[in-house]
Amino acid sequence: MAGAFLSDIQTLRKRAREHIAQGAVTPGYHADRDVVLRLLNEALATEIVCVLRYKRHYFMAKGIHAEGVAAEFLEHATDEQAHADQIAARITQLGGEPNFSPDGLTTRSHAEYVEGETLEDMIREDLVAERIAIDSYREMIGYLGDADSTTRRMLEEILAKEEEHADDLANIIEDLGH
Ligand SMILES: [Fe+2]
Ligand SMILES: [Fe+2]
């Protein structure tokens, strides 16, 4: 039965030999690569902006002796950096170029860079940014569907982490209220 919907071995072997320079991108890649690369570069910009915002918040929170919250900010900054690296690696794997240019960074990013005046401001702004990231990753995952399952799985992992971040921040806000 498998033969009914799988390509036969000869066809698979022949196709794999064509366009060797495209590496992991084979003729069977069914997503719109330009769109995927654009979305991934927007996600990369978002992650970089989040790293910068969390770093700022980490050092400012340390300055006002909010050590517990500062530690959380630092942990999130480290996670966002790891996401940025994963996304950049996938962009090159797809034959694109990761955009690390500071020019236009905040325009490409979905989330904003807000410094915040008080500790509460910082936490609230971080929560807003996480909620933006959650929705944009969810949309990208829906868009990709089965057309690029590797990128989709990577984004699903990142999404799960952003949900954890949002939950951490919501808990901190609740704790501070008591
Ligand atoms: Fe992230
Ligand atoms: Fe996050």
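Read on for a plain summary of the structure. The residue numbers shown here count from 1 along each chain, following its written sequence. Throughout, the order in which chains and ligands are written sets their labels, letters from A for the former and numbers from 1 for the latter. Where local features are concerned, this predicted model is filtered to residues with pLDDT of at least 70; where side-chain atom pairs are given and counted, the filter is 80 or more; whole-chain, interface and lining totals use all residues. In computing side-chain properties, one takes all heavy atoms of the structure into account and sets aside hydrogens as well as water.

### Re the coordination of the iron ion (ligand 2)
Item 1. Within the protein, Glu80 (OE), Glu130 (OE), Glu130 (OE), Glu162 (OE) and His165 (ND1) serve as the donor atoms for the iron ion (ligand 2), at 2.0 to 2.3 Å.
Item 2. Listed donor atoms are N, O and S within 2.8 Å of the metal (Na, K and Ca: 3.2 Å). As water is not included, a site may look incomplete. In the primary sequence, the donor residues of the iron ion (ligand 2) line up as E-x49-E-x31-E-x2-H.

### Regarding the environment of Ala82
Item 1. Comment: elements are numbered from the N terminus, with helices defined as DSSP H or I runs of at least four residues and strands as E runs of at least two. You can see Ala82 is positioned in helix H3 (residues 67–93).
Item 2. By relative accessible area, Ala82 is classed as partly exposed at 38%.
Item 3. In this structure, the C-alpha to C-alpha distance between Ala82 and Gly142, residues 60 residues apart in sequence, is 23 Å. Classification of residues uses two cut-offs on accessible area relative to the type maximum, computed with a 1.4 Å probe and protein chains only: under 20% is buried, over 50% is exposed, and between them is partly exposed.

### A look at the packing of aromatic side chains
Item 1. We call Phe, Tyr and Trp rings a pair once their centres come within 6.5 Å, taking the six-membered ring for Trp, and we label the pair stacked below 30 degrees between planes, edge-to-face above 60, and tilted otherwise. Tallying each qualifying case throughout the model produces two aromatic pairs.
Item 2. Summarising the aromatic geometry, the rings of Tyr54 and Phe73 are spaced 6.2 Å apart at their centres and angled 40° between planes, so their arrangement reads as tilted. Residue Tyr54 is found in helix H2 (residues 33–63), and its partner Phe73 is found in helix H3; the two are separated by 19 residues along the sequence.
Item 3. Note on Tyr58 and Phe59: the rings are 4.8 Å apart at their centroids and 65° apart in plane angle, and the pair reads as edge-to-face.
Item 4. Of the residues examined, Tyr58 reaches a relative accessible area of 14% and is grouped as buried.
Item 5. Any Lys NZ or Arg CZ found within 6 Å of a ring centre and within 35 degrees of that ring's normal is scored as a charge over the ring. Geometry around Tyr54 places Arg53 over its ring, the cationic atom sitting 5.0 Å from the centre.

### A closer look at the nonpolar core
Item 1. Here, nonpolar core refers to any group of buried Ala, Val, Leu, Ile, Met, Phe, Trp, Tyr and Cys residues whose side-chain atoms link them within 4.5 Å. Counting 43 residues, the largest nonpolar core has Leu40, Phe73, Ile87, Tyr137 and Leu155 as its most contacted members.
Item 2. Looking at this core, the elements that each hand over two or more residues are H2, H3, helix H5 (119–144) and helix H6 (149–177).
Item 3. The biggest single contributor to this core is H2, with 12 residues.
Item 4. In contact with Leu40, other than residues within four places in its own chain, are Ile87, Arg90, Ile91, Leu94, Thr151, Met154 and Leu155. Any two residues whose heavy atoms approach within 4.5 Å are treated as being in contact.

### A word on H5
Item 1. Taking 1.5 Å per residue as the helical rise, H5 with its 26 residues ought to reach 38 Å, and the 37 Å between its terminal C-alpha atoms agrees with that figure.
Item 2. Gly145 lies just past H5 and shows a positive phi near 50°. To estimate how far a helix should reach, multiply one less than its number of residues by 1.5 Å.

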